[in-house]
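These are the residues of each chain, in order.
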Amino acid sequence: MDLLESWALSLIVFLPLVGALVALAIPKEREEAVKQWTLLVSVATLVLAVVVAARFDFGAAGGFQFEVDLPWISAIGANYHIGVDGISLPLLVLSALVVVLCVIYSWQHWDEPRNPRAFLVLMMILATGMNGTFVALDLVLFFIFFELVLLPMYFMIGIWGDRTMRKIPGFRKEVETRLYAAIKFFIFTLFGSAFMLLGFLALYFKSGSGDQQSTFDIPELIARGHLFQGTFAWLVFGAMFLGFAVKVPMWPFHTWLPDAHTAAPTVGSVLLAAILLKLGSYAFIRIAIPILPETARDWAPAIAVLAVIGIIYGSLACLAQTDVKRLIAFSSVGHMGFVMLGIATLTEVGINAAIIGMVAHGLITGLLFFLAGSIHHRYHTREMSRLGGNLKLMPVMGGILGFTAMASLGLPGLAGFWGEFMALLGSYQPLPGLSTSFFRTAMVIGAIGTVLTAGYMLWMLQKVNLGEPSSEWAGKEFHDVDRYEMAAWAPLIVLIVAVGVYPKLVLGATTDAVVGLVETAFRAVGG
Amino acid sequence: MGVSTDLYLAAEGAAVAATTGGIFSEWAGLMLIGPMLAFVVIVMFGKRMRYQGAEVAIGVMAFNFVWSSVLLVLNMGEKGVLYERSLEIASVGGGLVFELGWIVDGLSIMMYWVVAAVGLAVFVYAHGYMKEEVRVTFFFAALSLFAGSMLVLVGSPNLVQLIIGWEGVGLASYLLIGHNWELKENSSAAMKAFYTNKVADVGLVIGVIIIGIVLGSFHFWDLAAAAAEHSAALGPVAVTAGLLLFFGAMGKSAQFPLHIWLPDAMAGPTPVSALMHAATMVTAGIYLMARTFPLYQELATAARPWMIAAGTITLFGMGLLALVSDDIKRVLAYSTVSQLGYMMTAVAAGGYTAGLFHLFTHAFFKALLFLGAGSVIHAVHSNNMSDMGGLRRHMPDTYRTFVIGALALAGVFPLSGFWSKDEILATLGYEGYTLVMWIAVAGAFVTAFYMARAVALTFFGEYRGHGEPHESPPIMTRPLWALAVPAVLAGVVNIPGLKLPWIGSFTSWLSVRSVPMGDHHAEAIDLGLAAAGLAAAVAGLWMGWVAFGPSAADRPDRDRVEIPALYPLLRQKYYLDHAALGLVWVIREPAARAVNWVNDYVIDGVVNGVGALCQKLAGLVYGGVDQLGIDGAVHGLSWGTSGMGGLIRRIQSGRVQQYAGLLVAGLLLLVVVVLFVL
Amino acid sequence: MPRIDWLAIAPEVVVATALLVVLAVDLFLPRERKYYVAALAVVGTTLAMVPVILMAVSGDSYSMFDGSYVVDDFALVLKGVFLVAGYLVLLISVSYIESDRYYQGEYYLLLLSSLLGSMVLTSARDLVVLFVALELTTGPLFLLAGWRKGDLRSNEASLKFFIIGVLSTGLMLYGMSLLFGLTGELSFEGIREAISSAGIASEPVLGLAVLLILVGFGFKVSAVPFHFWAPDTYQGSPPPVTAYLSVSSKLAGFVAMLAVIYLALPAVTDFWGPALWMMAAVSMTVANLSALRQSHLIRLLAYSSVAQAGFMLVPFAGGAIAPDGLSEGLGATVIYLVIYAVMNLGAFAVVIAGGRRIGSYEIADWRGLGSYSPRQGVMLAVFFLSLAGLPPLAGWFAKFVMFRAVLISTGPAGVWLAVIAAVNAVVAFYYYARVVKSAWFDPAPDEIPEDTETGPTGPLSLAMGLALVVVLVVGVFPGLATFFGDAAAALVP
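Residues numbered from 1 in each chain as written. Chains lettered and ligands numbered in written order. Predicted model: local features only at pLDDT ≥ 70, side-chain atom pairs only at ≥ 80, totals over all residues.

1. Section: the overall build of chain B
Here's step 1: Scanning chain B from N- to C-terminus turns up 28 helices and four strands.
Here's step 2: Counting all 678 residues of chain B, 60% fall into the buried class.
Here's step 3: Expressed as a percentage of contacts within chain B between residues at least 6 apart in sequence, the contacts between residues at least 24 apart total 82%. (Helix = DSSP H or I, 4+ residues; strand = E, 2+ residues; numbered from the N terminus. Buried ≥ 20, exposed ≤ 12 C-beta atoms within 10 Å, placed from the backbone. Contact = placed C-beta atoms within 7 Å.)

2. Quick word on the overall build of chain A
Here's step 1: Looking only at helices and strands, one finds 20 helices and four strands in chain A.
Here's step 2: Relative to the 2.2 N^0.38 estimate, which gives 24 Å for 527 residues, the radius of gyration of chain A is 22 Å and therefore close to what a compact globule would have.
Here's step 3: Over its C-alpha atoms, taken along the principal directions, chain A stretches across nearly 80 × 55 × 50 Å.
Here's step 4: Sequence-distant contacts, at least 24 apart, represent 79% of the contacts inside chain A between residues at least 6 apart. (Rg over C-alpha atoms; globule rule 2.2 N^0.38 Å.)

3. Side note on helix H4 (residues 54–75) of chain B
Residues and elements named next belong to chain B.
Here's step 1: For H4, built from 22 residues, the straight-helix expectation of 32 Å at 1.5 Å per residue is met to within 8% by its first-to-last C-alpha distance of 31 Å.
Here's step 2: Turning to H4, its buried residues number three or more, namely Ala 54, Val 56, Ala 57, Ile 58, Val 60, Met 61, Asn 64, Phe 65, Ser 68, Leu 71, Leu 72 and Asn 75.
Here's step 3: At the C-terminal side of H4, Gly 77 shows a positive phi close to 80°. (Expected span 1.5 Å × (residues − 1).)

4. Here we look at the interface of chain A and chain C
Here's step 1: Every contact between the two is made by 28 residues of chain A and, on the other side, 24 residues of chain C.
Here's step 2: Counting only elements with at least two residues in the side of chain A that touches chain C, the list comes to strand E1 (65–73), helix H5 (139–148), helix H6 (150–160) and helix H7 (177–207) of chain A.
Here's step 3: In terms of residue class, the side of chain A that touches chain C is made up of 25 nonpolar, two polar and one charged. (Nonpolar A, V, L, I, M, F, W, Y, C, P; charged D, E, K, R; others polar.)

5. Here we look at the domain arrangement of chain B
Here's step 1: In terms of domain boundaries, chain B breaks down into domain 1 (312–358 + 371–494 + 526–570), domain 2 (572–629) and domain 3 (641–678).
Here's step 2: Using only C-alpha atoms to locate each centre, domain 1 of chain B and domain 2 of chain B end up separated by 55 Å. (Domains from an automatic or database assignment.)

6. Section: the packing of helix H13 (residues 324–345) of chain A against helix H18 (residues 436–464) of chain A
Residues and elements named next belong to chain A.
Here's step 1: H18 packs onto H13 with a crossing angle of 160° between their chain directions and a minimal axis gap of 11 Å. Considering their axes alone, H13 and H18 lie roughly antiparallel with respect to each other. Remark: the crossing between H13 and H18 carries left-handed chirality. Facing Val 324, Leu 327, Gly 334, Phe 338, Leu 341 and Thr 345 of H13, the residues of H18 in contact are Phe 439, Ala 442, Gly 446, Gly 449, Thr 453, Tyr 456, Met 460 and Val 464.
Here's step 2: Here the contact of H13 with H18 is built from residues that sort into nine nonpolar, five polar and no charged. (Axes fitted to C-alpha atoms, helices over the stretch in contact; angles between N-to-C directions. Parallel < 35°, antiparallel > 145°, perpendicular 65-115°, else oblique. Left-handed = near helix turned anticlockwise from the far one by under 90°.)

7. Let's talk about the interface of chain A and chain B
Here's step 1: Opposite the 46 residues of chain A that make contact, chain B presents 47 residues.
Here's step 2: Where the side of chain A that touches chain B is concerned, the elements lending two or more residues are helix H12 (293–319), helix H14 (348–379), helix H17 (415–428), H18 and helix H20 (504–523) of chain A.
Here's step 3: For the side of chain A that touches chain B, the element with the most residues is H18(A), which contributes 10 residues.
Here's step 4: Class assignment for the residues of the side of chain A that touches chain B results in 32 nonpolar, 11 polar and three charged.

8. Thoughts on the packing of helix H12 (residues 270–279) of chain B against helix H17 (residues 352–380) of chain B
Residues and elements named next belong to chain B.
Here's step 1: Running from N to C, H12 and H17 point in directions that differ by 160°, and their axes come no closer than 8 Å. Between H12 and H17, the angle falls in the class roughly antiparallel. Handedness of the crossing formed by H12 with H17: right-handed. Residue-level contacts link Thr 270, Pro 271, Ser 273, Ala 274, Leu 275, Ala 278 and Ala 279 of H12 to Ala 363, Lys 366, Ala 367, Phe 370, Leu 371, Ala 373, Gly 374 and Ile 377 of H17.
Here's step 2: Across the contact of H12 with H17, the residue classes tally to 11 nonpolar, three polar and one charged.

9. Remarks on the pairing of strand E3 (residues 83–93) of chain B
Residues and elements named next belong to chain B.
Here's step 1: Among the 11 residues in E3, nine count as buried, and that is most of the element.
Here's step 2: Looking at chain direction, E3 and strand E4 (residues 96–104) are connected through nine bridges and run antiparallel. Across the sheet, residue Ser 86 finds its bridge partner in E4, namely Gly 101.
Here's step 3: Counting the residues between successive antiparallel strands, the hairpin from E3 to E4 contains two residues, one of them, Gly 94, with a positive phi of roughly 65°. (Pairing = 2+ DSSP bridges.)

10. Here's the deal with the nonpolar core
Here's step 1: Residues A:Ala288, B:Ala367, C:Ile339 and C:Leu345 are the most contacted members of the largest nonpolar core, which totals 712 residues.
Here's step 2: Contact partners of B:Ala367, with chain neighbours within four places excluded, come to B:Val118, B:Ala121, B:Val122, B:Ala274, B:Leu275, B:Ala278, B:Ala279 and B:Leu483. (Core = buried A, V, L, I, M, F, W, Y, C linked by C-beta atoms within 7 Å.)

11. Some words on the confidence of the model for chain B
Residues and elements named next belong to chain B.
Here's step 1: Per-residue confidence for chain B averages 82 on the pLDDT scale, and 87% of its residues sit at or above 70.
Here's step 2: Note that pLDDT drops below 50 for residues 1–16; the model gives that stretch 36 contacts with residues more than four away or on any other chain.
Here's step 3: Ignoring residues within four places in sequence, the model shows residues 629–646, a span with pLDDT below 50, making 16 contacts including any to other chains.
Here's step 4: At the level of chain-chain contacts, confidence expressed as ipTM amounts to 0.89, with global pTM at 0.91. (pLDDT = per-residue confidence, 0-100.)

12. Side note on unusual backbone geometry
Here's step 1: That bond from B:Phe413 to B:Pro414 is cis: its omega, 0°, falls within 30 degrees of zero.
Here's step 2: Structurally, B:Pro414 can be placed in the loop between helix H19 (396–410) and helix H20 (416–431).
Here's step 3: Backbone geometry places B:Ala254, a non-glycine residue, at a positive phi of 50°.
Here's step 4: Topologically, B:Ala254 is positioned in the loop between helix H10 (235–252) and helix H11 (261–264).
Here's step 5: Its identity as a non-glycine residue notwithstanding, C:Asp66 has a phi of 55°, on the positive side.
Here's step 6: Tracing the backbone shows C:Asp66 in the loop between strand E1 (62–64) and strand E2 (69–71).
Here's step 7: Its 12 C-beta neighbours within 10 Å are what place C:Asp66 among the exposed residues.

13. Re the environment of A:Ala296
Residues and elements named next belong to chain A.
Here's step 1: Along the chain, Ala 296 turns up in helix H12.
Here's step 2: C-beta crowding within 10 Å serves as the criterion here: with 24 such atoms nearby, Ala 296 is assigned to the buried category.
Here's step 3: When the C-alpha positions of Ala 296 and Ala 423 are compared, they lie 17 Å apart, and in sequence the two are 127 residues distant.

14. Here's the deal with the environment of B:His466
Here's step 1: Following the sequence through the fold, B:His466 ends up in the loop between helix H21 (434–459) and helix H22 (474–489).
Here's step 2: Placed 144 residues apart in sequence, B:His466 and B:Val610 show a C-alpha to C-alpha distance of 71 Å.

15. A closer look at the pairing of E1(A)
Residue and element names in this part refer to chain A.
Here's step 1: Pairing geometry for E1 and strand E2 (residues 78–84), over six bridges, is antiparallel. Bridge pairing links Val 68 to Ile 82 in E2.
Here's step 2: Hairpin connection from E1 to E2: four residues lie between these consecutive antiparallel strands, with Gly 77 at a positive phi of about 75°.

Okay, structure coming up:
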């Protein structure tokens, strides 16, 4: 099956794009056909991803498999180099899965101004960008995919986003939420990635020495890590940090997130939360740390501080929200704080924590945004003061919301727990050379953050789910979860439990890769 | 994965020979999985079942009861059962492995059996109690979830699985306290319970992390072995880790000042209070302390005074609160808190067996009391003792069993409570905590006093409520009797000096059979101490009877205990709720609002400010630099002017000259830059 | 009589012939058939591609007139680019000029003249040929800018362009004569050798000469602070002419600059390096900020083209800083030029097509374009976002090579310029996105504009389609563009 070996990843990446092009050829009026076609394409992509996972040699998860390395832009030494290892595999499968679920959910839920074809086409382009980012092993290729997700998301937010007018502090006129959010999202990310690109280029030029050609190849750059030292490495790390941290998002680069998540259409929020946020943290693990390990160690305390601030800050901000979707959006700041705290420890446990944290956050927050969308769909409001008694009006949806909230607050036995727990575990004993007392302080603050997380989640549940429904909804018929919703959510629910009970589903793939990464990166520095 | 019995036996100083227990140990995990599966089955299909899922829950519980009874019997005598099985669920690098599995030893068998026995009684009772309630299906689902989580907790061979079960019972508690979530009061109580526990869990989690990293293992056995060997790695962090674990235990086991959630938790249906908030869940903290006992005994000795202090305050201070409560369930709740204080004090003082023995007996009589209270509430439709009275005649079964429970709780000879309390007193004395021992005796007096009050107000005098109260149906009273039996007899298993043939003693059952527990068991009863304890109990009962019995029925203010100085303080529950609420308020209002303000006006302010600044700058550059005061091309020009003439005029007026001038100026600028600056 | 290699000058000959045929045919065509002229011009440019391709395939290079006129890879690549750009501009022009219905023949004549000039320019290897070719390129544009004679704005545009152009040409000529005076050489190679052998590399007068020449080029490429004419002229000229101005005439300026700087003056980086560094930084910053304030699409594109000129200057500055940066810089600029030409023409094509329908170039009037004309909306988004440099549209690669060329040296000057460029790329995105936002996010007006113009839209669509294909394909396979860059970079000695 060499054919599969060499083509599977490329197909996973480009099948959605081809699907998008074909969908454009289907007349706009034939909505059903467009939907079915998109579903077919996304399911095919998922099947391929699962096949890749099934054929993946977990015994050699530390190395890249399904590798393809072809010349692409030979003049600048950029290759079409793709591959998966244990770190990227779970994220790739997650990405393929979430896209399928989004297509299913979209089936009957279209935000104004509808136009399913355009929406699905954008979603497919987004899928290509996301899948591509997770398999790219060349910095230029990575950059392209990393950026490719921006446009579709920009249009999703800008066209299908929230149309309510909002007063933005600092501006005289009110603006539509979607317009403000879309441009904010874009400018922020672009700003970060412009510097990221400068960092990539600097790495490229520095990587050439003696008879060695300069290269953008990530594994090759990792092997040449010793070439990047001192101020140079510090600056390059800083440049890449800007790009990745904005995407994660880390405090204080996070403010695009609540706006973008709140304004985006449901599926947009889901994709943003479940996949797009992971691109940044993944890049830290894939690029920044292995290529610049020593510098990463210099930066780690700063990252940890920002991560911990993010955890506390995100949780407190959640407590002040009145809009349920905005609350969920802010919760991502806290959760990604745990992911980044794990990364900052630079230990095997911490980086593992980050990956499982990413997967869990993808599943859980994705589901929460689905729910927020459906709640909005039913009540036409997301103000928590007006909701209440949801569990009575819609027991199934209320139940799922309760379940997901519990998962989100890190209930052991569900997926969300491992990321938090392991991040704290890693912080107790960070990489040698990092200040132990410093990271232990971070651990304690992070642990306090879990309490605050529980606080706002429980509070949200009480406001939305419990109590008697207000008189506003008396006599109204509410459709409980419909079958499209159920079809989209059930896999997430099952996975949240499965990963919670058996984290090896994720860690089984990642651990070897992470151990290899940490060893390679820090063996030289006496780790 | 696998059996490592040999390992344990090989450990230093194995106290008792052990068997594996055969198939009943090898498949003991079924007890953990069964209720969890029941939860899923009931949630998904319960509504379509004849008894709305109750049959599944009860069936599973009966199965567990049988299974754990077999284990209990196997563990009796001199040769105990010792078995462990673990399945790796993740290896996370750094040599750390997460596992799920089960452990079968004296301690866990006792817990399996208590959970199953009390659980079965309560489940059956609840089937009657909940007949007319809403959401019965979900109720039984949550009860199963609780049972499952509790068993995962007590069956855990390692600290990580313990956390899973630990928070699982927390979740079940949340769901069941808030069972009637339409009322804000109930949902708030549920939240309070969950949240207080979550605060405590920070301690547990960090403690587990410290132990896990230092030992490179989360196994209780490794912890015990390290403690026994006075491990150099564990030594320096032992006190910190020990106190952190204890902090976690304080939450679940309602130790002062984290007990505040437990009285509010009475908002849940009474069977819930009986099973979780009296007999089993709240003992999880005690269980944890017992499971990690070697740590405290060998290394974290410096932590013990703190634990004893907390336990002592709890056992006495919270008992006082039961005196002033009118709600029968709250009386019992404070009583539970107080009894948990006894257990904690005992374990902390080194009384491993004493604490667990009290846990064992308390489970039966406290569950019995709660179910009895539930039966009463069921009859009078009120929790308030001022709506009760004289129920002795209307509810004979309930009355009799309740009195048995009350006497057992008060510690009257020869009921079970007497023996377990006496063992605690003896241990405290033996370990040299004389002051604490006398406080515990005083606590026994308080216990007896408020139980006398509760019995008197509920069952004696005239009925003060509405309607005609009836005895509960057999499905509810039979469990009462079923629990009354162990409430009376359970003490037999650990009478000092008495060794039952074939059965052995509680002490021998409980010895964790690889590591010496190092606690003390009196070989003979200390008659003086027993007499003192009994005297305190009798005095309390008598004074309570005098103050609240039928003879005092005419006193208008007899419901109150006249302790003028203390009364307001007790009524306000030492103002701890106020403090907690205040803290929550600070977080939720000023702190959260401040953060949100910072987000919207400072961070976003900077972001928007940069945007606005760019626009301003753009205006400045465009208007000031780029256009240099020249307005757009033809804005000033009227159409009436003929083209060329106007243009020439404009050229003459200097527009183009201006451009040209700029061009030359630009050149000069470059010259200056190149020649002089760079 | 010097030897003339006819194949080498075949492209110019074809264009010149087409020019004459257009002139002749125009006289005999009735008014309503004037568009035949356009077809002839299109055929002419297409035919001219043939010898270019033949030469490129053969790989030979030709040198004539004692090396004053050279056809090498650099020349061929840029001839190709000029031809393609000219071809696209012709396509864009057809419907616009047709609907105005006057002086069609002259329009194409002038356009072809300018094209001829720029093609000669690519082969110019001495100052005189360069100067003549450059003026042949610019001269017809003075007239084209004023094409709409009845429009005051158009007249003003033309006149302003003319006066400033003449002035800058004068300065440039002065600079060239100084250069000649100092070195006694006209050919670039001669000048280069003279500078190094005579040891006058740090002579202040040489510096003055270089700067004067730079000023001339600065005007041609409309770099700040020599860009003042551009917005007014762009706005006043007929949009197809503006498209040509912003692409071909800018390209011509850059080609001349590349030749002079890299061939004649590589030794005096101390003079032109800092100056171009400044020009690049200031052009990007001032133009981008100014563009933020524009509400008129053409004016916006004018400032955009100034800013893009700034980006294109960045590799020059980089080339001056790094020892081995010259060929890198040259290649980067050529790649940028190629990509810029296509995407900017695409943008103009969309703007012209939309302007036809909407009847206004105010951004606000373009609201909802995407909803009633998705195809144009998509085109608009693609070209504008490509100008903004977003992957996977071709523009990203232009920016990429630009950053690459300046970061080749890791010195502070290079890094700072890169940072300035990066920030500017973000600022630029904002105004490009504003157009996209208007077209896609804002609601359509109540009355959806109908296309009432009668002129044929086929050529315009063809132009858009071609540009679209190029932008997408080059965006995904940028290797295609590096081919040009590499070929051109061989110029550097």
